[in-house]
Amino acid sequence: MPPQLIGADEPSAPPSDVSVRRRWAMLAVGTAAQASSATMVHGPAFLIPVLHTRAGMTLAEAGLVAAAPMAGLMCTLVAWGLVVDRRGERFALLAGISGVVAAGLAAVLVDGVWLVAAALFLAGASSSATNAASGRIVVGWFPPERRGLAMGIRQCAQPLGVGLGALTMAFLADAHGIAAALWVPLVAAAVALVLVALLVIDPPRPPAAERTGAPNPYRADRYLARIHSTSMLLVVPQFVVWTFGLTWLVYELGWAAGFAGIVIAGTQLIGAVGRIGAGHLSDLVRSRTRPMQWIAWGAAGTMLALGAAASGSGPAVVALAVLLLVVASAVTVADNGLAYAAVAERAGAFWSGRALGIQNTGQYVVAAAVPPVAGLVITAWGYGAAFALAAGFGLVAAAAVPVAQEWAPS
């Protein structure tokens with residue numbers, strides 16, 4: 001008898017009156033909602049060149065502004081997870097995205113960089129609703145043998161949202177200013193809000209009376225804690241590349257901001273495909289953690305090679321470094337869908353919102369620290385050193401993946 005994924009005993013099929021088409025439509029809407037959140041949270045990283053050159057900020061100060069929405073997001077992830085567990089996915093999505101629209105509008109209208117940062121903090125705090133709610137939609141509406149693929153598609157939202165920001169916000173900020181660039185995530189959130197209102201319904205759950213008796217999955221073993229730790233470690237190489245890849249292309253290689261933004265957007269599309277592939281692979285090998293370990297090794301090797309190439313000189317070395325930047329941008333994001341599926345499956349219907357909130361809180365605590373710390377490392381030792389140092393976190397992550405604890409008894 002083949003081993004079963006933990007969590008496979010949850011309701012694995014939607015009621016008969018909900019069509020397969022509607023199920024996939026809700027996945028698409030959840031992905032769009034998460035993408036709009038990603039653009040709001042990660043898009044400000046592409047304002048760093050303008051903040052550095054025109055606002056007179058150091059790289060570390062500009063990194064703090066870029067990290068403001070991530071800081072807001074990490075402060076509310078567990079709270080929004082509790083809302084999902086108690087009130088449902090649809091309510092959380094509608095309330096959270098409405099907050100993103102309101103705070104995004106404030107960021108466009110206020111004067112002063114630090115007031116913009118404060119508004120972005122509030123937008124990030126609201127956007128965290130999409131992290132737990134859209135993940136629960138996948139687990140609630142898709143059976144275990146399709147969750148890896150479905151979660152991989154859902155996790156495309158982050159690189160697609162970052163790609164949208166890279167493609168548009170760097171150019172708009174350079175040509176028309178910061179306020180013009182911030183219209184991009186604002187409009188994306190408004191569109192997502194309409195789609196959620198039209199299409200999303202809550203997935204089936206066990207009877208509400210079972211909520212009080214649902215066991216705390218963190219007391220059973222250290223599986224969830226190790227998944228959280230692995231994801232936190234892998235955030236470091238991911239956000240070093242995401243935050244300073246464009247800046248490296250512009251200031252070290254002399255590329256135009258618009259062209260560099262197109263390249264970074266392209267890497268995000270590749271990363272989106274990688275997440276889908278990783279999710280499908282996890283369904284085929286019936287494991288979320290083994291592919292996570294393979295990705296951690298790949299991230300470590302790629303970042304180390306990128307650090308060496310970025311420290312070199314000459315056209316051939318520079319071309320290799322750019323190619324490695326593209327590869328690293330794809331590899332370092334491929335694990336997220338696997339971690340989400342692993343956490344949601346183990347946590348169960350009445351704990352997955354909070355567990356996904358804890359998962360994201362840990363990731364964003366690290367992510368918020370990466371821009372200013374990496375900015376200091378780059379200032380002191382250069383981009384190559386920052387890329388190479390990030391590789392060490394991938395190696396530790398590979399050792400932390402709880403492969404042996406994944407399977408339930410057959």
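Residues numbered from 1 in each chain as written. Predicted model: local features only at pLDDT ≥ 70, side-chain atom pairs only at ≥ 80, totals over all residues. Heavy atoms only, no water.

1. Comments concerning the environment of Ile 201
Here is step 1: Counting through the fold element by element, Ile 201 comes out in the loop between α9 (178-199) and α10 (223-252).
Here is step 2: Separated by 111 residues in the primary sequence, Ile 201 and Arg 90 place their C-alpha atoms 6.0 Å from one another. (Helix = DSSP H or I, 4+ residues; strand = E, 2+ residues; numbered from the N terminus.)

2. Focus: a nonpolar patch on the surface
Here is step 1: Where nonpolar side chains cluster on the molecular surface, the patch consists of Leu 105, Leu 109, Trp 183, Val 187 and Val 191 and spans about 470 Å² of accessible area.
Here is step 2: Secondary-structure elements contributing two or more residues to the nonpolar patch are α4 (89-109) and α9.
Here is step 3: In terms of residues, the nonpolar patch owes the most to one element, α9, which gives 3 residues.
Here is step 4: Take Val 187: it is sitting in helix α9.
Here is step 5: Taking the relative accessible area as the measure of exposure, Val 187 reaches 45% and is therefore partly exposed. (Patch = residues over 30% accessible without salt bridge, like charges linked within 9 Å, V, L, I, M, F, W, Y side chains within 5 Å. Areas by Shrake-Rupley, 256 points an atom, 1.4 Å probe, with all protein chains shown as cover. Salt bridge = Lys/Arg side-chain N within 4 Å of Asp/Glu carboxyl O. Buried < 20%, exposed > 50% of the residue type's maximum accessible area, 1.4 Å probe, protein only.)

3. Considering helix α15 (residues 352-381)
Given 3.6 residues per turn, any residue in an α-helix points the same way as the ones three and four places further on.
Here is step 1: For α15, spanning 30 residues, the distance from its first C-alpha to its last is 42 Å, which sits close to the expected 44 Å at 1.5 Å a residue.
Here is step 2: Maximal helix bending in α15 amounts to about 35 degrees, located at Val 370; proline Pro 371 follows within four positions.
Here is step 3: Counting buried residues in α15 gives 22 out of 30 residues, a clear majority hidden from the surface.
Here is step 4: Count one or two residues on from α15 and you reach Gly 382, which has phi positive near 105 degrees. (Expected span 1.5 Å × (residues − 1). Bend = angle between axes of the 7 residues up to and from the residue.)

4. Section: helix α11 (residues 257-285)
Here is step 1: End to end, α11 covers 41 Å across 29 residues, agreeing with the expected 42 Å (1.5 Å per residue, within 8%).
Here is step 2: Just downstream of α11, Arg 286 is the residue with a positive phi angle, here 55 degrees.

5. With respect to the packing of helix α7 (residues 144-155) against helix α8 (residues 157-176)
Here is step 1: Where α7 meets α8, the closest approach of the two axes is 5 Å, and the angle between their N-to-C directions is 15 degrees. With respect to each other, α7 and α8 are oriented roughly parallel. Here Ile 153, Arg 154 and Gln 155 of α7 come into contact with α8, specifically with Ala 157, Gln 158 and Pro 159.
Here is step 2: Here the contact of α7 with α8 is built from residues that sort into 3 nonpolar, 2 polar and 1 charged. (Axes fitted to C-alpha atoms, helices over the stretch in contact; angles between N-to-C directions. Parallel < 35°, antiparallel > 145°, perpendicular 65-115°, else oblique. Contact = heavy atoms within 4.5 Å. Nonpolar A, V, L, I, M, F, W, Y, C, P; charged D, E, K, R; others polar.)

6. Observations regarding the pattern of salt bridges
Here is step 1: Applying the stated criterion across every chain, the model contains 3 salt bridges.
Here is step 2: For the salt bridge of Asp 283 with Arg 288, the shortest nitrogen-to-oxygen distance reads 2.9 Å.
Here is step 3: Relative accessible area serves as the criterion here: at 0%, Arg 288 is assigned to the buried category.
Here is step 4: The structure contains a network of salt bridges with shared partners spanning Asp 283, Arg 288 and Glu 345.

7. With respect to unusual backbone geometry
Here is step 1: Of note, Arg 286 is a non-glycine position whose phi angle comes to about 55 degrees, a positive value.
Here is step 2: Examined against the element boundaries, Arg 286 turns out to sit in the loop between α11 and α12 (289-310).

8. Points about the packing of aromatic side chains
Here is step 1: In the structure shown here, the tally under the stated rule is 3 aromatic pairs.
Here is step 2: Consider the rings of Trp 248 and Phe 387, whose centres lie 6.0 Å apart with planes at 90 degrees: the pair is edge-to-face. Of this pair, Trp 248 sits in helix α10 while Phe 387 is found in helix α16 (residues 383-400), placing the two residues 139 residues apart along the sequence.
Here is step 3: Under the relative-accessibility criterion, Trp 248 is labelled buried at 2%.
Here is step 4: Here Phe 387 falls in the buried class, since its relative accessible area comes to 0%. (Phe/Tyr/Trp six-rings, centres within 6.5 Å; stacked < 30°, edge-to-face > 60°.)

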